[in-house]
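Spelled out, the chains give:
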Amino acid sequence: VPRTPAPTWRWRSRWTAASFSIIDAINLEDCLAEAVSAIATIRPSDSLVWTSGAHLPATLELTVSPTGETGSLTITETTSTVLLSLVDDTGVPAFSLPQTVVVGADSEPTTIQLRLIPARCDPHAVAEDKRGTIFPLQALTSDGHSGQVVVPVGDAVRAELYAFYADYCGLP
């Protein structure tokens, strides 16, 4: 009587096969991040611009500066986070906003202004936050790498973002 593999074996086999696509995706993200960092640095400002009690969007600036290396970087889109929504020029919240930022070796630094409001006013959102202050950008390099790069903020700006969130939402 032939034996069939135990269900655990089949599951592990499928899991292993699926893990290769995850590893490939992580590898592509790493390659993109390396290609982007060779061409430009993307740094968030050291502070958030907002007015306490005003119930208006906050502004975070991202400065894109060329490294002087050959090649170009095009940022095509900024995307909201789980915690913070982007706001367009008319004040309407948007999941993503188009950008046209092109940086080459001899470019001047360029600033992207992210106008932000809370995605939802829920005290648990901040308590459970893991990636709400890491800002995704869609990028394309002249050597063909494309996809999402992320820009984390430092601890001081993260604290300011949380303070803004609480103030905007009327949370303690």
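Residues numbered from 1 in each chain as written. Predicted model: local features only at pLDDT ≥ 70, side-chain atom pairs only at ≥ 80, totals over all residues. Heavy atoms only, no water.

**Notes on the packing of aromatic side chains**
Stated formally: Two aromatic rings from Phe, Tyr or Trp, using only the six-membered ring of Trp, form a pair when their centres are within 6.5 Å; if the ring planes differ by under 30 degrees the pair is stacked, by over 60 it is edge-to-face, and anything between is tilted.
Overall, the coordinates contain 2 aromatic pairs when judged by the stated rule. Joined through ring pairs, the aromatic side chains of Trp50, Phe164 and Tyr168 make up one cluster.

**Focus on the sheet that holds strand β8 (residues 134-141)**
Here is the rule: Being paired, for any two strands, means DSSP has found at least two bridges between them. Secondary structure is summarised from DSSP: a helix means a run of H or I of at least four residues, a strand means a run of E of at least two, and numbering begins at the N terminus for each. All axes here are fitted lines through C-alpha atoms, helices being fitted over the stretch that makes contact, and every angle between N-to-C directions spans 0 to 180 degrees.
What the 4 strands build is an open sheet, ordered β6-β3-β8-β9; its pairing is antiparallel. Only two strands of the sheet have a single partner each, and these edge strands are β6 (96-104) and β9 (146-152). Taken pair by pair, the neighbouring strands of this sheet meet at an average axis angle of 30°, ignoring direction. Across 7 bridges, strand β3 (residues 72-79) lies against β6 in antiparallel orientation.

**Focus on the pairing of β8**
Heads up, the rule is: Residue burial is assigned from relative accessible area. The probe radius is 1.4 Å, only protein chains are included, and a residue is buried under 20% of its type maximum, exposed over 50%, and partly exposed in between.
Among the 8 residues of β8, 6 are classified as buried, and the element is accordingly described as predominantly covered. Pairing geometry for β3 and β8, over 5 bridges, is antiparallel. Bridge pairing in β8 places Leu73 opposite Thr141. Summarising the sheet, β8 and β9 pair through 7 bridges and their orientation is antiparallel. Looking across to β9, one finds that Leu137 is bridged to Val149. Counting the residues between successive antiparallel strands, the hairpin from β8 to β9 contains 4 residues, one of them, Gly144, with a positive phi of roughly 95°.

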